[in-house]
Amino acid sequence: MSAAMKPSTRPVVVKIGGGALAGGALEDLPGLLTGGVPVALVHGGGKQLTRMLDALGIPTEFREGLRVTDERAMAVAEMVFAGEVNKGLVRELYALGVPAAGISGTDGPTLRVAPIPNLGRVGSVTKVDGSLVEAMWAGGFVPVVAPVGLGPEGAYNVNADSAAAALAVGLGAGHLFFLTDVDGLLADGEAVPALAPEECEGYVEKGLAVGGMVPKLRAAAEAARGGVEARIVNGNRQGTLAGAVAGEPIGTLISEGVVA
């Protein structure tokens, strides 16, 4: 982030799914914005993409949790992520009183990526340019970023959790929140209060983190190593974001400040 544009309060990045927003943690956003906190959102939309691919007769394949994306599937992914999902979320946020504006990682370009071998048009973020996000903040807008990055052959599909972590580090964010439908990383039915980044992979290996929690945990660890406090929290509960920003022990914290 450029020194001239660096806000007095460290930014907050929020990773959300591609679904409805009402009645949950994002209703805290107007209060955070009133308090002068710069906020950027990164969204997913895998379910919507699978539905569209099915309708078009394009098969879906995953390898190690990542969607194999050939050129035809990438064209659909960009249409769904940067179009249907992104603009739908922007409209929902506007209804909550949030002055949102949608972009994808190819705009700017905000996210530059390198191809991940054997997955087609799937990339991992190698560089973040925060100039466009900063300009949107300066104009009073909340950027809503679709998980598409710019690579050597054009647009690439990027795992949304990884994109959020990279963006948070690149923007010098103070907090990164992964909104999910549970109270954090669960062990014996209770949220694990805090983890050091080096502890995260152990929960994957033990099978305590499964499904969509795996990429969230790995992305949270990556963000923590980059100096961002990451939390996996329940996005269905209003007050979650406001409480966590205020320092309340909500969800599962992943931070370099945690003693393993």
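Residues numbered from 1 in each chain as written. Predicted model: local features only at pLDDT ≥ 70, side-chain atom pairs only at ≥ 80, totals over all residues. Heavy atoms only, no water.

1. A closer look at the sheet that holds strand 8 (residues 142-146)
Then step 1. The sheet built from 8 strands is open, its strands ordered 5-8-2-1-11-15-16-14 with mixed pairing. Taken across any chain shown, the strands that pair with only one partner, and hence form the sheet edges, are strand 5 (100-104) and strand 14 (194-195).
Then step 2. The pairing of strand 14 with strand 16 (residues 252-254) spans 2 bridges and is classified as parallel. Its bridge partner being in strand 16, Ala194 is matched across the sheet by Leu253.
Then step 3. Of the strands in this sheet, strand 1 (12-16), strand 2 (39-43), strand 5 and strand 8 touch helix 3 (residues 71-95), which is tilted by about 165° from strand 5. (Pairing = 2+ DSSP bridges. Helix = DSSP H or I, 4+ residues; strand = E, 2+ residues; numbered from the N terminus. Contact = heavy atoms within 4.5 Å. Axes fitted to C-alpha atoms, helices over the stretch in contact; angles between N-to-C directions.)

2. What about the packing of helix 5 (residues 160-170) against helix 7 (residues 213-225)?
Then step 1. Look at helix 5 against helix 7: their axes get within 8 Å of each other, and the N-to-C directions meet at 15°. With respect to helix 7, the axis of helix 5 lies roughly parallel. For the crossing formed where helix 5 meets helix 7, the hand is right-handed. Where helix 5 abuts helix 7, its residues Asp161, Ser162, Ala165 and Val169 lie against Pro215, Lys216, Ala219, Glu222 and Ala223. (Parallel < 35°, antiparallel > 145°, perpendicular 65-115°, else oblique. Left-handed = near helix turned anticlockwise from the far one by under 90°.)

3. Quick notes on the side chain of Asn234
Then step 1. As for its position among the elements, Asn234 is in strand 15 (residues 229-234).
Then step 2. Asn234 has contacts with Ala25, Thr180, Asp181, Val182, Asp183 and Thr240, leaving out every residue within four places of it along the chain.

4. What to know about the packing of aromatic side chains
Then step 1. The tally for this structure, following the rule as stated, stands at 0 aromatic pairs.
Then step 2. Seen from the ring of Tyr156, Arg121 lies directly overhead, with NZ or CZ sitting 5.3 Å from the centre.
Then step 3. For Lys206, the ring lying beneath its charged end belongs to Tyr203, and the centroid distance is 5.9 Å. (Phe/Tyr/Trp six-rings, centres within 6.5 Å; stacked < 30°, edge-to-face > 60°. Lys NZ or Arg CZ within 6 Å of the ring centre and 35° of its normal.)

5. Regarding the side chain of Asn86
Then step 1. Topologically, Asn86 is positioned in helix 3.
Then step 2. Residue classification places Asn86 among the buried positions, given a relative accessible area of 0%.
Then step 3. Within polar-contact distance, the side chain of Asn86 engages the backbone oxygen of Ile103 at 3.3 Å.
Then step 4. Asn86 has contacts with His43, Val80, Phe81, Gly102, Ile103, Val144, Val145 and Ala146, leaving out every residue within four places of it along the chain. (Buried < 20%, exposed > 50% of the residue type's maximum accessible area, 1.4 Å probe, protein only. Polar contact = N/O pair within 3.5 Å; in protein donor to acceptor, adjacent residues only side chain to side chain.)

6. Considering the nonpolar core
Then step 1. Core analysis: the largest hydrophobic core is formed by 40 residues, its most contacted members being Leu176, Leu185, Leu195, Ala209, Leu217 and Ile254.
Then step 2. For this core, the secondary structure elements donating two or more residues are strand 2, strand 6 (111-115), helix 4 (131-138), helix 5, strand 11 (175-180), helix 6 (200-205), helix 7 and strand 15.
Then step 3. If you look at the next biggest cluster of nonpolar residues, it comprises 35 residues, including Ile58, Val142, Val144 and Val148. (Core = buried A, V, L, I, M, F, W, Y, C linked by side-chain atoms within 4.5 Å.)

7. A few points about the pattern of salt bridges
Then step 1. Applying the stated criterion to the full structure yields 6 salt bridges.
Then step 2. With its nearest N and O atoms 3.1 Å apart, the salt bridge here joins Glu222 to Arg225. Of the two residues, Glu222 and Arg225 both sit in helix 7, 3 residues apart, roughly one turn of that helix.
Then step 3. Among the charged side chains, a network of salt bridges with common partners joins Lys15, Asp161 and Lys216. (Salt bridge = Lys/Arg side-chain N within 4 Å of Asp/Glu carboxyl O.)

8. With respect to the UniProt feature "binding site: substrate" (unreviewed entry) in the chain
Then step 1. Those residues carrying the UniProt feature "binding site: substrate" (unreviewed entry) are Gly45, Gly46, Arg67 and Asn157 in this numbering. Taking the farthest pair of C-alpha atoms as the criterion, the annotated set spanning 113 residues converges on one region, since that pair is 12.1 Å apart.
Then step 2. Mapped onto the elements, Gly45 comes out in the loop between strand 2 and helix 2 (46-55).
Then step 3. Given a relative accessible area of 6%, Gly45 falls into the buried group. (UniProt positions renumbered as here; feature names shortened; annotations may be inferred.)

9. Things to note about the UniProt feature "site: Transition state stabilizer" (unreviewed entry) in the chain
Then step 1. Listed under "site: Transition state stabilizer" (unreviewed entry) in the UniProt record, and renumbered for this structure, are Lys15 and Lys216. Of the residues just listed, which span 202 residues, no C-alpha pair is farther apart than 9.4 Å, and they cluster in one region.
Then step 2. Tracing the backbone through its elements, the reader meets Lys15 in strand 1.
Then step 3. Setting aside residues up to four positions removed in sequence, Lys15 forms contacts with Val42, Gly44, Ala160, Asp161, Ala164, Phe177, Phe178, Leu179 and Lys216.
Then step 4. By the secondary structure assignment, Lys216 is in helix 7.
Then step 5. Not counting chain neighbours up to four residues away, the residues in contact with Lys216 comprise Lys15, Asp161, Phe178, Leu179, Thr180 and Ile232.

10. Things to note about helix 7
Then step 1. A rise of 1.5 Å per residue sets the reference length of helix 7, with its 13 residues, at 18 Å; its end C-alpha atoms lie 18 Å apart and thus fit the reference within 8%.
Then step 2. Listed as buried for helix 7 are Met213, Val214, Lys216, Leu217, Ala219, Ala220, Ala221, Ala223 and Ala224.
Then step 3. In the segment just after helix 7, Gly227 is the residue with positive phi, at about 95°. (Expected span 1.5 Å × (residues − 1).)

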